[in-house]
Structures are given as structure tokens and as C-alpha cells.
Amino acid sequence: ECRNGETCYAATNCDKPLLELVSDMLVTLNGPDKPMAAQDGDIFSGTLMDILKEVAEQEGIALDGLDLGDQEIQGRRQLEQRRLERFSMGFYDDHYLFSRPAMTISNITQRKLPSGSSALDVSVVITGDYRPPPYIDLNVIAEDSINRQGEKVVSSLRERGSRSGRDFFDRVDSIEAVAK
């Protein structure tokens, strides 16, 4: 930080004010059929924070916290409806979310959910500080980080859960994040 009257060096923008960044996300864990217990929530938030910190530091963002909100179980029908809505709006990307057997309809490839599948939606609020320029969107960074590293996130959750003697994350097949 430059103090008042000092010269800013190396394009640090220390003469610019810090901006508070807030990302309000809906993170979906595919597989679980019940909400997380407090201990599982701690593992979940710690894992997400570690994954996001890697990317945030590269972008010059200092993450302050990650808070878990409401949890809601979604059944197969709700998941299928959500997937179809996202697909029709152009938000569907094959490397995100459903890594299930594909079925082809006409010339469009879609993912088919297994019968009996469920998911847990978790509200997550991520906060941090950043000194622009350039101006960045924490929603985009968080969503992209979680979705692109989905397999890594799931394997980290399983590993941390196992080390803690928790089996909740053994049921997690995949993860997806969407800004609210």
C-alpha cells in the first residue's frame, strides 16, 4: 500500500480504492439425497475456498470469506427441468455438471440423468477485495473456477471427507456452480 503522497510503482494501482467483491452462488452437488451436517459444511466451504483462492490470487483478489446459506434437496424431475431450461437458453456446456451416458436427439447430444438421482443445492456467498483496473466479476471467476475444476473439487471433497471420517461426499458424483 502506498501512503498518501507516495508514488505508486509497478502498476500496483495502490492509489486506487479497494473494491469489495461479492458473489452469490448456487452450488449443486449431484448425488446426495440429504443436506450436509455442520462438519460436512465445514469441509465443503474449506475445499471451495482453497480452490477459489488459487484462481483469485492470480487475478489479484484477496478472498475474505465463504459463507454457506440454505441447502435444498432437488429430485430427478427438478434436475431434468433445470437442465432443459439451461440447455434451451444456451447455458449448457458438456464439460459441466452431468457426466452421465449421452443420448442423441436429432443432431443434439444431451445428457440423461439416471433414474432416482438427486442433488443438493447450496447457497454460497463469497466475498473479497480487489483493486481495479481492470474491473472483474467475482461471479464469473467463481463459477468458472468451480465448473472447470469440477472433478478436482469432487475428489478433494471425498479425500477431505474420508480423512475426517465423514462419508457424505462419497455420494457426490459432480458439482456445478451458477451465479444467482
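Structural notes, computed from the coordinates.

### Remarks on the overall build of the chain
Scanning the chain from N- to C-terminus turns up 4 helices and 6 strands. In the chain, the succession of α and β elements from N to C terminus is β-α-β-α-β-β-β-α-α-β. Relative to its 180 residues, the chain shows a buried fraction of 41%. Put simply, of all contacts in the chain between residues at least 6 apart along the chain, 81% involve residues at least 24 apart. On the chain, roughly 10,300 Å² of surface is accessible, and the fraction owed to carbon and sulfur atoms is 47%.

### Structural notes on the packing of helix H1 (residues 38-59) against helix H3 (residues 138-148)
Axes are the key here: two packed helices are described by the angle between their axes and the distance separating the axes. At their nearest, the axes of H1 and H3 sit 10 Å apart, and the two run at 125 degrees to each other. The orientation of H1 with respect to H3, classified from their angle, is oblique. The interaxial crossing formed by H1 with H3 has right-handed handedness. On H3, the residues touching Leu48, Ile51, Leu52, Val55 and Glu59 of H1 are Ile141, Ala142, Ser145 and Ile146. Among the residues forming the contact of H1 with H3, the class breakdown is 7 nonpolar, 1 polar and 1 charged.

### A word on the pattern of salt bridges
Counted according to the given criterion, the structure contains 6 salt bridges. With a closest N to O distance of 2.6 Å, aspartate 50 and arginine 160 form a salt bridge. One end of the pair, aspartate 50, is in helix H1; the other, arginine 160, is in helix H4 (residues 150-163), and 110 residues separate them in sequence. Residue arginine 148 is joined to aspartate 144 by a salt bridge in which the shortest nitrogen-to-oxygen separation is 2.7 Å. With a gap of 4 residues between them, arginine 148 and aspartate 144 both fall in helix H3, about one helical turn apart.

Rules and cut-offs
Residues numbered from 1 in each chain as written. Predicted model: local features only at pLDDT ≥ 70, side-chain atom pairs only at ≥ 80, totals over all residues. Heavy atoms only, no water. Helix = DSSP H or I, 4+ residues; strand = E, 2+ residues; numbered from the N terminus. Buried < 20%, exposed > 50% of the residue type's maximum accessible area, 1.4 Å probe, protein only. Contact = heavy atoms within 4.5 Å. Areas by Shrake-Rupley, 256 points an atom, 1.4 Å probe, with all protein chains shown as cover. Axes fitted to C-alpha atoms, helices over the stretch in contact; angles between N-to-C directions. Parallel < 35°, antiparallel > 145°, perpendicular 65-115°, else oblique. Left-handed = near helix turned anticlockwise from the far one by under 90°. Nonpolar A, V, L, I, M, F, W, Y, C, P; charged D, E, K, R; others polar. Salt bridge = Lys/Arg side-chain N within 4 Å of Asp/Glu carboxyl O.

Distances and angles like these do not, on their own, reveal function.
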